[in-house]
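A structural walkthrough
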Amino acid sequence: MDTVIDPRHLSESGLVVLDIAAADEPTATALMEGLQQLWATSGLTPIRRTPGQPGVRARVYADISRTSFREGERGTTENR
């Protein structure tokens, strides 16, 4: 996984970059799906294994100032 974070991904308040480490792919996927329910995210991103390192890794980009539309709820997305 690239360790360099592009400044565009942190250019304003509310933007975050989350590096995920999980025991396995289903766990990482479940976390990314859960994050999508809370905030506007980059969605399900590629999951990588690094030889010699335990578990799997992924990186998610999110805007925590924007909440996700949840089924059955009115959207609370803040428009910029």
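As a starting point, this report considers the structure included with it.

Procedures and definitions
- Residues numbered from 1 in each chain as written.
- Predicted model: local features only at pLDDT ≥ 70, side-chain atom pairs only at ≥ 80, totals over all residues.
- Heavy atoms only, no water.
- Salt bridge = Lys/Arg side-chain N within 4 Å of Asp/Glu carboxyl O.
- Helix = DSSP H or I, 4+ residues; strand = E, 2+ residues; numbered from the N terminus.
- Buried < 20%, exposed > 50% of the residue type's maximum accessible area, 1.4 Å probe, protein only.
- Expected span 1.5 Å × (residues − 1).
- Arc of directions from axis to C-beta.
- Pairing = 2+ DSSP bridges.
- Axes fitted to C-alpha atoms, helices over the stretch in contact; angles between N-to-C directions.

Quick look at the pattern of salt bridges
Tallying each qualifying case throughout the model produces 3 salt bridges. Between Asp 19 and Arg 59 there is a salt bridge, with the nearest N and O atoms lying 2.6 Å from each other. Taken as a pair, Asp 19 in strand E1 (residues 15–22) and Arg 59 in strand E3 (residues 56–67) lie far apart in primary sequence, 40 residues in all. Looking at Asp 19, the relative accessible area reads 46%, which means it is partly exposed.

Some points on helix H1 (residues 25–38)
Taking 1.5 Å of rise per residue, 14 residues should cover 20 Å, and H1 covers 20 Å from first to last C-alpha, within 8% of that figure. Restricting attention to buried positions, one finds in H1 the residues Ala 28, Met 32 and Leu 35. Across the axial projection of H1, the buried residues extend over an arc of 60 degrees, all falling on one side.

Some points on the sheet that holds E1
Taken in spatial order, the 3 strands of this open sheet run E1-E3-E2, and their pairing is antiparallel. Across the chains shown, the open sheet's two edge strands, defined by having one partner strand only, are E1 and strand E2 (39–41). Taken over all neighbouring pairs, the strand axes of this sheet differ in orientation by 40 degrees on average, direction set aside. Both E1 and E3 contribute to a ladder of 8 bridges, which runs antiparallel. When the sheet's bridge partners are listed, Val 16 is paired in E3 with Ala 62.

Any functional reading would require information that these geometric values do not contain.
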